[in-house]
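The lines below spell out each chain.
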Amino acid sequence: MGKLDETGEKMIRNKFIGLFGILAFAYLSMGHVGSPGVIFEGMMGDYRVLANVAPPDVIPGIAIVSVILPDNPTDIQLEARPVYWSAGLQGTPTADPLKPVLDEPGKYEGELWFMQMGASSVQLILTKGAEKYEVVVPIMAMPTAQKDMPQELGMVLTGLGVFLVILLVTIFASAMGDSIRQPGEARNQKGQRKRVIGTAVGAVVVGLLLWGGKAWWDAEARLYNERLYQPFSGTSSWVEKADGNYLHLKVDSTELKYGAITRQLSYMVPDHGKLMHLFLIRKNDLDVFAHLHPKRIDSLNYEVQLPPLPAGAYHVFADITRYTGFAETIVSDLIIPETSNFQLASNRIVQLGRDDTYTYSNPVGNKPLLLDGDIMVCGKPGIKTDLPGGYSAIWETETGKFEAGRLYSLDFALFDADGQAAQLESYLGMMGHAVVLKHDGSVFIHLHPTGTYSMGSQQMLLERFETGKTGFSNLPGKLTFMDSVDRVLAYLDALPDTARDSLLMGDMVHTTYVDDPAHEAHSMVRFPYAFPQPGDYRIWIQVKINGEIVNGAFDVEVI
Amino acid sequence: MKTYAITAVLTEEKVASDVKESTRLIPIYVYASVFASLCIVIGLIWDISWHMSVGRDGLFSPPHIAIYVGALIAGVFSGIKVLKTSFWSSTEEKSQAIRFWGIFHGSLGAMFCIWGAFAMLTSAPFDDWWHNTYGLDVQILSPPHVLLGLGMIMIQFGAMISVTALQNRLKDAVTAKAGLHLQWMFALTAGILLTMVYVLVSQYFWTFRMHGVLMYQIAALAFPLFMVSVTYAAPYPWACTKMAASYTFIMAAMVWILPFFPAEPLLSPIYNFITHMQPYHFPVLLIVPAIGIDLVLMRSKKMNKWLLAGLLAVVFLLLFVPAQWYFAEFLQTEAARGWFFGRSSWAYMTPPDSFIRYNFHPEYVDTGWSLVKGLLIALPIAAISSRVGLSWGNWMKQVKR
């Protein structure tokens, strides 16, 4: 471990202490994969706030913001406004009030306009008397959808269009023929001929107009398609080396036509001390799960040593965050071939280094997704799963049924080998972490008790807003930035556990949201989430008990 | 509305027998379509200013209401007029209108207005779908907006044709007062049409582009067509100057009036922190070539049309290019930043220290040979535009229904 240069030291001393301090909360969760909504859970003053932001799928467009204040306080005012990384707080209009939703106490709703593509956020402002509390929830303002015209609208527009075409041709015919006749004068042969010529001219002109309009429309649609959010494509490959097997991830950024600044890979920043959080999940059975942290070789190439995973085809999800607050997930596939020296180690947990982890669980589909009637937590039934090390977890749910698009608190209670409440320790600054995957791989998200947003992005946005900087002209140099980040990462990696934890944790205050007296006897972890679409899902939870990371898998059907 | 329509018809009948009551000879629906036309153009410039100042708008923003009121008045008055003539009028009245689709009778102006109103109506759901599919307004020119713009232009053209037809039909059978009314209504409707055409091409007319030939080529394409046709069709002198004066006054009045209203940007990002409405462009000096066009047509109307078109093109460019070129230089100076020229106007989303705010954009500056070459290209463009204008004017002169 070399000595840090001045930049690195400055970073550690000033900026990144604060950065990492708060990033300790941050476990990357901005999953663009099939889960566009952003959920935030936190405190504003004394009030618990649960917010759900549905970003526009077309930019410029309108986001829908729903906020739930479970305590339903009175005499408060709730407002929201869209704040861009590029424009800062100063370049943001006054906030719009969120209006209370009738018949749903404590729920507020509003619309926000997002006009530019790029890294942005929703600032929530809660005012009670003289007190004012603010929070920033990152969102990515990118067009993600391409729409067809609804049939009914198409029919109405076609009808009106046909009427306009016929009337316009009639106008041409009348203009050339009838309109220049003296009043009272009857239509003669010459006039009739002019009408015919007028009709022909009109038809040609209207035809040209329609043809031109169609060509223009097609060009606009093409342009829109170019602006449409394109995820980075990545290629993961299995590399055998003398000291073990490696995963090599190569990111292909050649398709990137828009967001050249906001999405630049040179401006990647560490989130919770790691540049990349990579999840490996065996396809189909979903029985193998690994969470690894690759190292950067250059801005497009990343490498990590693999734990002894069984052969098969794997989903690879790599979460990253940028200096602009833009966070996304790079999706790829990995094939692990059969190797002679590999033996299946069933149902045991191995910790790789101090941050990487992997686990095996039952394949999906061989266990009934039924509530266990014998298991009751706080009077509620649950779905129980056994965890490695004799621990167990119960997913507490009233009915075991979940609807797509509805916001839920996914509550898990953890028990030790004796069936007593397990003592949960802070793991990466949190009570726990969860990964949600739809069986077909079309939905992936990494969430934590504060919601589904990337706290790394949140921190980047807050820091930027504090500086008062706007625009894109004041970015640090690409190479300098990359070098500085690499040096900080190397410095952190070389630190002993306690020193690093202390630096990463910074002045973080660990907040638990489980203050319900009925749950005092339990160790609970809660994740707010809304399943974006119906289907079968597997959820992995990650908690830390007795200094060990424990992973458990649950299955659920969403209707 | 119905009462008005009936009044209009009654006045027409009355007028036929009593020429002395000639100021009322002008049917109400003609006044209505001129008023509608004015509403639309004011609403349009106001809307652009709204987008520069406030940004966010809804279906019922004040400028939109002005535009819809215009469309509604034009569509309803013309529609009722056509239905009235078709189903509740004497054969004599029908014989003054155009018969179409077997059952309808209406004037050409009314047909234009109805087309315009329906085009505007069609553009609304089309535009809504467009926004949901490709994004909210960030451009003046999009297919649904062009449909809307065509609708507006058709209404304005319909208003102008209504006045022209009346003018052509009545000829000398009007009192001086009614004649004057018609003259000014014609000048106003023509000026509104010119304003509308200007707005559609105005993205080439920002001051920072005024030392580039492209702007002058666009001007050569768009303006002689309308200015020449109106002057050629008008039965009185100085029609083009009056038309250009109307355009100048409408555009300038918006520059003077809009800043009186407070405005706050409601969309992010905001780079220019404004507190009142930012007006759109100060009018370009079309009034200068308009005088030239009038003088040429007063003297040489009978000349060969191709030669005449060439002459008009030369006059248009010779007068417009230097006038606007040097005026543009003035517009870049501190002196132009007061209320009169409104040059301080700057949209909220553009940084106030942008170097093109009070400078010509180097990419759009032509000097030397590139300027000469550009203007030589503009000349045939202006000639063709003028030639089409002459034919069109000739046709307008004959419209009587």
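Residues numbered from 1 in each chain as written. Chains lettered and ligands numbered in written order. Predicted model: local features only at pLDDT ≥ 70, side-chain atom pairs only at ≥ 80, totals over all residues. Heavy atoms only, no water.

**Here's the deal with the overall build of chain B**
Here's step 1: Along chain B, the regular secondary structure elements total twelve helices and two strands.
Here's step 2: Secondary structure elements of chain B, listed N to C terminal, follow the sequence α-α-α-α-β-β-α-α-α-α-α-α-α-α.
Here's step 3: In summary, chain B has a C-alpha radius of gyration of 22 Å against a globular reference of 21 Å for 401 residues, a match within 12%.
Here's step 4: Once the C-alpha set of chain B is aligned to its principal axes, its extents read approximately 65 × 50 × 35 Å.
Here's step 5: A separation threshold of at least 6 residues defines the contact pool for chain B, and within that pool the share at least 24 residues apart is 76%.
Here's step 6: Of the roughly 16,100 Å² of accessible surface on chain B, 70% is carried by carbon and sulfur atoms.
Here's step 7: If the 26 positive side-chain charges of chain B are averaged to one point and the 19 negative ones to another, these points end up 13 Å apart. (Helix = DSSP H or I, 4+ residues; strand = E, 2+ residues; numbered from the N terminus. Rg over C-alpha atoms; globule rule 2.2 N^0.38 Å. Contact = heavy atoms within 4.5 Å. Areas by Shrake-Rupley, 256 points an atom, 1.4 Å probe, with all protein chains shown as cover. Lys, Arg positive; Asp, Glu negative; His and termini not counted. Charge placed at Lys NZ, Arg CZ, Asp CG, Glu CD.)

**Overview of the interface of chain A and chain B**
Here's step 1: Each partner contributes residues to the interface: chain A has 52 residues there, and chain B has 50 residues.
Here's step 2: Here chain A packs against chain B, burying approximately 4,600 Å² in sum over the two surfaces, 71% of which is carbon and sulfur.
Here's step 3: On the surface where chain A and chain B come into contact, there are one salt bridge.
Here's step 4: Notably, a salt bridge pairs Arg56(B) with Asp96(A), separated by 2.8 Å at the nearest N-O pair.
Here's step 5: At the boundary of chain A with chain B, the tally comes to 14 residue pairs in polar contact (both at pLDDT 80 or more).
Here's step 6: Looking at the side of chain A that touches chain B, the elements with two or more residues in it are strand E3 (61-68), strand E4 (77-84), helix H2 (151-176) and helix H3 (189-227) of chain A.
Here's step 7: Per-class residue counts for the side of chain A that touches chain B are 29 nonpolar, 14 polar and nine charged. (Buried area = accessible area lost by both parts, 1.4 Å probe. Salt bridge = Lys/Arg side-chain N within 4 Å of Asp/Glu carboxyl O. Polar contact = N/O pair within 3.5 Å; in protein donor to acceptor, adjacent residues only side chain to side chain. Nonpolar A, V, L, I, M, F, W, Y, C, P; charged D, E, K, R; others polar.)

**Things to note about the nonpolar core**
Across soluble globular proteins, you tend to see nonpolar side chains buried next to one another.
Here's step 1: Membership of the largest hydrophobic core comes to 138 residues, with the highest contact counts inside it found for Leu108(B), Phe205(B), Phe223(B), Met227(B), Leu286(B), Phe316(B) and Trp395(B).
Here's step 2: The element that contributes the greatest number of residues to this core is helix H8 (residues 213-233) of chain B, accounting for 15 residues.
Here's step 3: In contact with Phe205(B), other than residues within four places in its own chain, are Tyr198(B), Met210(B), Met215(B), Ile218(B), Ala219(B), Phe223(B), His281(B) and Val284(B).
Here's step 4: Counting 45 residues, the second-largest nonpolar core is a separate cluster that includes Met142(A), Tyr267(A), Leu306(A) and Leu334(A). (Core = buried A, V, L, I, M, F, W, Y, C linked by side-chain atoms within 4.5 Å. Buried < 20%, exposed > 50% of the residue type's maximum accessible area, 1.4 Å probe, protein only.)

**What about the packing of helix H10 (residues 287-300) of chain B against helix H11 (residues 305-331) of chain B?**
Residues and elements named next belong to chain B.
Here's step 1: Remark: H10 packs on H11, axes separated minimally by 8 Å, with the N-to-C direction vectors making an angle of 155 degrees. Taken together, the axis directions place H10 and H11 in an arrangement best described as roughly antiparallel. Note on packing geometry: the crossing formed by H10 with H11 is right-handed. Residues Val 288, Pro 289, Gly 292, Ile 293, Val 296, Leu 297 and Ser 300 of H10 touch H11, and the partners they reach there are Leu 308, Leu 311, Leu 312, Val 315, Phe 316, Leu 319, Phe 320 and Ala 323.
Here's step 2: For the contact of H10 with H11, a count of residues per class yields 13 nonpolar, two polar and no charged. (Axes fitted to C-alpha atoms, helices over the stretch in contact; angles between N-to-C directions. Parallel < 35°, antiparallel > 145°, perpendicular 65-115°, else oblique. Left-handed = near helix turned anticlockwise from the far one by under 90°.)

**Quick look at empty space enclosed by the protein**
Here's step 1: For the coordinates displayed, the defined rule picks out five cavities of 30 Å³ or more.
Here's step 2: Empty space within the largest cavity amounts to approximately 190 Å³.
Here's step 3: Residue classes in the lining of the largest cavity are distributed as twelve nonpolar, four polar and two charged. (1 Å grid on protein atoms, 1.4 Å probe; cavity = no way out; pocket = protein on both sides within 12 Å on 5 of 7 lines; lining within 4 Å. Points joined across faces, edges and corners; volume = space filled by probe spheres on them.)

**Describing the packing of aromatic side chains**
All names here are of chain B.
Here's step 1: Counted by the stated rule, this structure contains 58 aromatic pairs over all chains.
Here's step 2: Pairing Phe 157 with Trp 392 gives two aromatic rings, centres 5.2 Å apart and planes at 50 degrees, and the pair type is tilted. Within this pair, whereas Phe 157 is found in helix H6 (residues 143-170), its partner Trp 392 is found in helix H12 (residues 368-398), the two being separated by 235 residues in sequence.
Here's step 3: Since its relative accessible area comes to 22%, Trp 392 is described here as partly exposed. (Phe/Tyr/Trp six-rings, centres within 6.5 Å; stacked < 30°, edge-to-face > 60°.)

**Describing helix H7 (residues 176-201) of chain B**
Here's step 1: In this model H7(B) runs 37 Å from its N-terminal to its C-terminal C-alpha over 26 residues, within 8% of the 38 Å that 1.5 Å per residue would give.
Here's step 2: With 19 of 26 residues buried, H7(B) lies mostly within the body of the structure. (Expected span 1.5 Å × (residues − 1).)

**Things to note about the pairing of strand E30 (residues 548-558) of chain A**
All names here are of chain A.
Here's step 1: Most of E30 is tucked away, with nine of its eleven residues classed as buried.
Here's step 2: As paired elements, strand E29 (residues 535-545) and E30 share eleven bridges and run antiparallel to each other. Within the sheet, the bridge partner assigned to Ile 539 lies in E30 and is Phe 554.
Here's step 3: Count of turn residues in the E29/E30 antiparallel hairpin: two residues, of which Asn 546 carries a positive phi of about 50 degrees. (Pairing = 2+ DSSP bridges.)

**Examining the sheet that holds strand E2 (residues 47-54) of chain A**
Residues and elements named next belong to chain A.
Here's step 1: With antiparallel pairing, five strands are arranged side by side in an open sheet as E1-E2-E3-E7-E6. The sheet is open, and its two borders are formed by strand E1 (38-44) and strand E6 (99-100), each paired with just one other strand.
Here's step 2: As judged from the eight bridges shared by E3 and strand E7 (residues 107-114), these two strands associate in the antiparallel manner. Bridge pairing links Val 67 to Tyr 108 in E7.

**Remarks on the sheet that holds strand E9 (residues 131-141) of chain A**
Residue and element names in this part refer to chain A.
Here's step 1: With antiparallel pairing, four strands are arranged side by side in an open sheet as E5-E4-E8-E9. The sheet is open, and its two edges are formed by strand E5 (96-97) and E9, each paired on a single side.
Here's step 2: In the sheet, E4 pairs with E5 via two bridges, with the strands oriented antiparallel. For Ala 80, the partnering residue across the bridge sits in E5 and is Asp 96.
Here's step 3: Of the strands in this sheet, E4, strand E8 (118-128) and E9 are in contact with helix H4 (residues 455-467), which crosses E9 at around 115 degrees.

**Some points on the confidence of the model for chain A**
All names here are of chain A.
Here's step 1: For chain A, per-residue confidence averages 81 on the pLDDT scale, and residues scoring 70 or more make up 83% of the total.
Here's step 2: In this model, residues 10-31 is a region of pLDDT below 50 whose contacts with residues beyond four sequence positions or in other chains number 92 contacts.
Here's step 3: Across residues 342-351, confidence stays below pLDDT 50; counting only partners more than four residues off in sequence or on other chains, it has 21 contacts. (pLDDT = per-residue confidence, 0-100.)

**Describing the confidence of the model for chain B**
Residue and element names in this part refer to chain B.
Here's step 1: On average, chain B scores 88 in pLDDT, and the residues at 70 or more come to 93%.
Here's step 2: Here residues 1-23 is a poorly scored stretch, pLDDT under 50, and it has 32 contacts once near neighbours within four places are set aside; other chains count.
Here's step 3: As a predicted assembly, this complex carries a pTM of 0.79 together with an ipTM value of 0.82.

**Describing the pattern of salt bridges**
All names here are of chain A.
Here's step 1: One pass over the full model with this rule turns up 20 salt bridges over all chains.
Here's step 2: Put simply, Lys 241 and Glu 303 hold a salt bridge, and the shortest N to O gap is 2.9 Å. Separated by 62 residues along the polypeptide, Lys 241 in strand E10 (residues 233-241) and Glu 303 in strand E16 (residues 301-305) bring together distant segments of the chain.
Here's step 3: On the accessibility criterion, Lys 241 (35% relative accessible area) is partly exposed.

**Let's talk about the side chain of Asp319(A)**
Here's step 1: On the secondary structure map, Asp319(A) appears in strand E17 (residues 312-322).
Here's step 2: This buried residue, Asp319(A), is left without a salt bridge; Arg322(A) holds the nearest opposite charge, at 9.8 Å.

**Digging into the pairing of E10(A)**
Residue and element names in this part refer to chain A.
Here's step 1: In this structure, E10 lies alongside strand E11 (residues 244-252), joined through nine bridges in antiparallel fashion. Bridge pairing links Ser 236 to Leu 249 in E11.
Here's step 2: Counting the residues in the hairpin turn of E10 and E11 gives two residues.

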